[in-house]
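# Structural description and commentary
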Number of protein chains: 2
Amino acid sequence: MEYRIGKQYETWEWKHSGPAPAGSQAEIDLRGSFQGDGKSMAVKGFYAGNGEYRLRFLPEAAGDYSYEIVSDSLGIRESGVLHAEPADAGRHGPVRAKGTALFYADGTRFASFGTTVYALANQSEALIEETLETLGEAPFNKLRTCVFPKHYAYNANNPRFYPFEVKAGQAQRAFSAEGLPVFPTRKGIADDYWDTERPCFAFWEHLEAVLQRLDALGIQADLILFHNYDRWGFSNMSREDNLRYLDYLLRRLAAFPNIWWSMANEYDLCFDKSDEDFRAFEAFIAANDPYGHLLSNHNCFQMWDASRETVSHVSFQTKELTRVAELMRKFGKPVLVDECRYEGNIPEFWGNLSGQDLVRSFWRVTVQGGFCTHGETYLPETPQGKLATRTGEKDVVWWAKGGRLNGQSPERIAFLRSVIESLPGPLEPVEGGFPELAHLEEEALRETIARFPEGFQSFLGSIARMNRLERELFYAVEYNYEGHCGDSAFLSYLDDQCPAVYEMKLPEDRLYRVDVLDTWEMTRQTALQGVKGKVRVKLPGKPYMAVLAVAEELGEEEENG
Amino acid sequence: MEYRIGKQYETWEWKHSGPAPAGSQAEIDLRGSFQGDGKSMAVKGFYAGNGEYRLRFLPEAAGDYSYEIVSDSLGIRESGVLHAEPADAGRHGPVRAKGTALFYADGTRFASFGTTVYALANQSEALIEETLETLGEAPFNKLRTCVFPKHYAYNANNPRFYPFEVKAGQAQRAFSAEGLPVFPTRKGIADDYWDTERPCFAFWEHLEAVLQRLDALGIQADLILFHNYDRWGFSNMSREDNLRYLDYLLRRLAAFPNIWWSMANEYDLCFDKSDEDFRAFEAFIAANDPYGHLLSNHNCFQMWDASRETVSHVSFQTKELTRVAELMRKFGKPVLVDECRYEGNIPEFWGNLSGQDLVRSFWRVTVQGGFCTHGETYLPETPQGKLATRTGEKDVVWWAKGGRLNGQSPERIAFLRSVIESLPGPLEPVEGGFPELAHLEEEALRETIARFPEGFQSFLGSIARMNRLERELFYAVEYNYEGHCGDSAFLSYLDDQCPAVYEMKLPEDRLYRVDVLDTWEMTRQTALQGVKGKVRVKLPGKPYMAVLAVAEELGEEEENG
């Protein structure tokens, strides 16, 4: 009977030395079961190379877990107690969805402000260090990043490590980007080069070190498990290989507190995988992740269906930023706009937004109660990208490889984050607005209109003359960005509107302080105090303003949000 | 046999004195027929008050027209020849549609750059003068303006004249705006107050003087015949009264060269009129306007069906500015975005765009080959509206009443107009772009995709996974604004994109000069000369840029555009 010490919300690791596995080095026979916190959990161990076996567990409660670790092939049957000490200050556990919001395991609200460095772990150590240093000063608390290396524009380099060893008998290949198209246009030819039974242990240790460094910075790793921007042959492995890869990855990483699973970058451009493949991956991950980390899938065109219970949140690439509230209502899950174009100046249309426009996107999404993800694509040889990496490497664009940030948006995203974190709770979209009429079929529309006061019905009848498609297109470009936290806070983002006066309707039974926010200049000034009901707020008549009304006396529960 | 002298493209007027009509003063028996220019045209005369009868004709050719003017009740039968002298320089005749473009009768291209002063003719003389003075210095060549007075926010005043006399036996009413809602929410009660048989001649003479002043400024009058923003009882007249009003209006105004008929401002909010009413008006105007002036109808929500031959162009209130090319293709007619919000700072969301945003709207619409209409709504008591009217009148907002312009957009619209008028011909949208896939139903989509090169088909197949609605919403916010004049000019507007480099694909068989335009700073600089095929243009990496490639040697026909 062993007695081990761990810590709440931190990965506990069990190690064992023995002979290397005779067969697969990925799917080995090493199982643990943990009883504690009112639950029983099954976890799998992994082979880490050099005759070392490991098994990881993440205790989410302080106190004792009784455990048993078993391997028939290794002849192991260890029983013990893991005593988890209470979490250190600042450790909150994994982030999970609750309704349309996100919370850490300890109940602390998590407002996601993501960024994107797709091929971070596949860069030089110097560049990874610089990127982590940049992240330490940036406002981002989530990072979208890939396991596999990436072949694409601004992504021409080979990684230091690959996740698997080459199959016995295969000649070592050179992977030059020369002359290859950056964009996958057709199915790849499945081949037999990588040996998924033999993980490259150096790769995984290196990846884990990066993920742990992110954790130390308070950054969630939204880990992208598959993508199609590939010249090495990882995008066209067999389903069996893909599942073996996932199994090994889950054995190693599931006990990390800051991990999220993003099945793909642009799953619908993964031409060598079917929806059935991805549903199989989804089911496999859900069944083999004992902690239920956040799990979603990122699209190029068609959003991944978020209705299944196994999908924790919407991870939507979209420029349709008026749809956040609609999707929150539809799925009752958090909505993350994980790609909405990037601040930058590359020729590609998706990578040359101004700082203003990306900040606008963040506000539009966030005020509805959704979450938005940043990316930056300034060319290092241009004035806008002049803070090129200090490593001396060429063609380092943040969204691809990391380095330093040049944009005007991060500072403003930090301001937005401070505003959002000052609220008493997560934002929800305002209910009952005209844009909701867009999504109704004819009969439901008629019924809804009939519930409005009579004086409104002729007007609404004119809206109803538009068919569903016309209504959707109408409200896609005519939208008010508003959210609220119950009746304790109301936030309106005025976007491109420049009124000299803004009218707001607050509840009559509480008193509010109304602040005017300049989202670009990052100022916040109190305009009114002790007001209720219909209020008029003077504004400077310029774009990118927001108005925030907060109840002057918050209850205790509200303050803890 | 009379011999009369007129002038090509100018209204010729025949006068006759006699006793006032015994019955209707609107629908009188006075008819003319004119033979000339290979056509026979029937026109109707009108009673102008004070025992004066008039009949107007617009000769569109230089040379002789033989005519006959007949009235049985007045005992008139006059035959004669109208000799139309050739048009003065700068006189081009009525504007008409040809395909998706607009041309004056003499073949000169007309690129519409409209503005909006809804209640111009119903203001004080001093304010009308000031407005015309402003228009004389502004870039606008079309004005949307109403016949009837307007009751709405920023439109509280009574006009000097009403179009009809009060019915005999009716007590004179006072029309105060006090306490009335500005927005029509339900059907009005039809009453019997205005006598459409008895036009108020002073009203019509005054309106005509304003229209003629616009003509002298080279401005087309897009005359709005009905609207619902009313407290006087003009919006809820009977169909018979409405048709009599139209008949009288056509008798007086059809021979004006600069007139366009806009059946309504927001026809679908005219709760006292049905679509059948408007179709009856449309048919009546088409049948009774001998000159076939431009005729359309302006919506709030549901676009008026522009498929009938009697509708000359699309007059669309919309913020869906990506739809211009689609509508041009669908109807084969000019597409005018006659309301896309206004530059201003009023609280109403439709009237507080920044100058940048309105200029953006103009470019987005215009580059596709459409036409856009301006409006300005700055509050005179705010810094942004400080050039209030010099008349001393209160609450004068340009879009409602005129006065002086404060905005930043007119200067930039002038720049756009100079660019467009420098082109060798009207712009057409680029064909075959991905956004066109948005509008196809499943089968047509599959067939279209099958015609693309094989390497593209997987990618396009991913687009096709989205249903029609999803595709429409996708391309509504992901759009490239491009137009061309055959292969002699190619214009791209980069909107919010800020690339450091722009790639353009020009034909291989001509040489082009490529200019870089800053649409906000109003600069135009030549970047490349003598280029063809795929070209890369360096850009400053800021928003609101455009790139224009013009063939270096234009043929004679192209130069005349």
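See the structure printed just above.
Residues numbered from 1 in each chain as written. Chains lettered and ligands numbered in written order. Predicted model: local features only at pLDDT ≥ 70, side-chain atom pairs only at ≥ 80, totals over all residues. Heavy atoms only, no water.

All names here are of chain B. The strand order across the open sheet built from six strands is β23-β24-β25-β30-β27-β28, with neighbouring strands paired in antiparallel fashion. With partners counted over all chains shown, the strands left at the sheet margins are β23 (428-429) and β28 (523-531), one partner each. Where β23 meets strand β24 (residues 481-485), two bridges bridge the pair, whose relative direction is antiparallel. By the bridge assignment for β24, E428 is matched with H484. (Pairing = 2+ DSSP bridges. Helix = DSSP H or I, 4+ residues; strand = E, 2+ residues; numbered from the N terminus.)

Turning to the packing of helix α11 (residues 468-476) of chain A against helix α11 (residues 468-476) of chain B, a few remarks are in order. Relative to each other, α11 of chain A and α11 of chain B sit at 25°, their axes nearing to 10 Å. With respect to their mutual orientation, α11 of chain A and α11 of chain B come out roughly parallel. When you trace α11 of chain A past α11 of chain B, the crossing you get is right-handed. Here R468, L469, E472, L473 and A476 of chain A of α11 of chain A lie close against α11 of chain B, whose contacting residues are R468, L469, E472, L473 and A476 of chain B. Split by residue class, the contact of α11 of chain A with α11 of chain B holds six nonpolar, no polar and four charged. (Axes fitted to C-alpha atoms, helices over the stretch in contact; angles between N-to-C directions. Parallel < 35°, antiparallel > 145°, perpendicular 65-115°, else oblique. Left-handed = near helix turned anticlockwise from the far one by under 90°. Contact = heavy atoms within 4.5 Å. Nonpolar A, V, L, I, M, F, W, Y, C, P; charged D, E, K, R; others polar.)

Glancing now at the interface of chain A and chain B. With 57 residues of chain A in contact, the opposing surface of chain B contributes 57 residues. Across the chain A to chain B interface the summed buried area is about 5100 Å²; carbon plus sulfur atoms make up 56%. Contact with chain B buries surface across chain A, with F301, R465 and L473 of chain A losing the most and accounting together for 14% of the total. Inspection of the region where chain A meets chain B yields six salt bridges. For R465 of chain A, the salt bridge is made with D275 of chain B, and the minimal N-O distance between the two is 2.7 Å. (Buried area = accessible area lost by both parts, 1.4 Å probe. Salt bridge = Lys/Arg side-chain N within 4 Å of Asp/Glu carboxyl O.)

Right, let's get into helix α4 (residues 275-288) of chain A. Residue and element names in this part refer to chain A. For α4, with 14 residues, the first-to-last C-alpha span of 20 Å sits near the 20 Å given by 1.5 Å per residue. Where α4 is concerned, the buried positions are D277, F278, F281, E282, F284 and I285. Viewed end-on, α4 has its buried residues packed into an arc of 165°, placing them on one side of the element. Buried-residue contacts for α4 involve β15 (220-226), α3 (239-253), β16 (259-264) and β17 (295-296). (Expected span 1.5 Å × (residues − 1). Buried < 20%, exposed > 50% of the residue type's maximum accessible area, 1.4 Å probe, protein only. Arc of directions from axis to C-beta.)

Residue and element names in this part refer to chain A. Checked against the element boundaries, E282 lands in helix α4. Residue class for E282 comes out buried when judged on its relative accessible area of 1%. E282 has contacts with M263, L295, W304, R308, T310 and V311, leaving out every residue within four places of it along the chain.

This brings us to the packing of helix α9 (residues 442-450) of chain A against helix α10 (residues 454-464) of chain A. Residues and elements named next belong to chain A. Following both chains from N to C, one finds α9 and α10 inclined at 165°, their axes separated by 10 Å at the closest point. When the axis of α9 is compared with that of α10, the two are roughly antiparallel. In this structure, α9 meets α10 at a crossing whose hand is right-handed. Residues E442, L445, I449 and A450 of α9 touch α10, and the partners they reach there are Q457, L460, G461 and A464. Partitioning the contact of α9 with α10 into residue classes produces five nonpolar, two polar and one charged.

Turning next to the relation of the copies chain A and chain B. The transformation that overlays chain A on chain B combines an axial shift of 0.0 Å with a rotation of 180°, and the residual RMSD is 0.0 Å. Between the two chains, the operation in question is that of a two-fold axis. Counting the interface residues of chain A, we find that 100% of their copies in chain B are interface residues as well, pointing to one common contact surface. (Least-squares fit on C-alpha atoms with pLDDT ≥ 70 in both.)

Time to look at the nonpolar core. For soluble globular proteins, nonpolar side chains are generally found buried alongside one another. With 132 residues, the main nonpolar core has L225, Y245, W261 and W363 of chain A as its most contacted residues. Residue contributions to this core peak at seven residues, all from helix α2 (residues 201-216) of chain A. Excluding anything up to four places from it in sequence, Y245 of chain A contacts V147, F148, F164, W204, L225, F226 and M237 of chain A. Among the nonpolar cores identified, the runner-up in size contains 131 residues, and L143, M237, F278 and I420 of chain B belong to it. (Core = buried A, V, L, I, M, F, W, Y, C linked by side-chain atoms within 4.5 Å.)

Another aspect to go through is the pairing of strand β28 (residues 523-531) of chain A. Residues and elements named next belong to chain A. Bridge analysis of strand β27 (residues 512-518) against β28 gives six bridges, and the strand direction is antiparallel. Counted as the bridge partner of V516 is Q525 from β28. Following β27, the chain reverses through four residues before pairing antiparallel with β28; M522 in that reversal takes a positive phi of roughly 60°.

Here the focus is the sheet that holds strand β4 (residues 39-44) of chain A. Residue and element names in this part refer to chain A. Here we have five strands laid out as an open sheet, ordered β1-β8-β7-β3-β4, and mixed in their pairing. Each edge of the open sheet is held by one strand with a lone partner, namely β1 (2-7) and β4. Neighbour-to-neighbour, the strand axes of the sheet open up by a mean angle of 25°, direction not taken into account.

Let's shift gears to unusual backbone geometry. Residues and elements named next belong to chain B. Of note, the phi angle at N50 is positive, near 50°, even though the residue is not glycine. Note on placement: N50 falls in the loop between β5 (46-47) and β6 (52-57). On the basis of relative accessible area, N50 is assigned to the exposed category, the value being 86%. Of note in this structure, M522 is not a glycine but carries a positive phi near 60°. Position of M522 among the secondary structure elements: in the loop between β27 (512-518) and β28. Judged by relative accessible area, M522 falls into the partly exposed class, the value being 23%.

A complete count under the given rule lists 105 aromatic pairs over all chains for this structure. Measuring from ring centre to ring centre gives 5.0 Å for Y162 of chain B and W194 of chain B, while their planes differ by 40°; the resulting arrangement is tilted. In this pair, Y162 of chain B is assigned in the loop between β12 (142-146) and β13 (164-166) and W194 of chain B in strand β14 (residues 194-199), connecting sequence segments 32 residues apart. A cation over a ring is seen here: R412 of chain A above W520 of chain A, with NZ or CZ 3.8 Å from the ring centre. (Phe/Tyr/Trp six-rings, centres within 6.5 Å; stacked < 30°, edge-to-face > 60°. Lys NZ or Arg CZ within 6 Å of the ring centre and 35° of its normal.)

Here A500 of chain A is to be found in the loop between β25 (489-493) and β26 (501-505). Residues A500 of chain A and G541 of chain A lie 41 residues apart in sequence; the distance between their C-alpha atoms is 4.5 Å.

So yeah, pure geometry; function would need other evidence.
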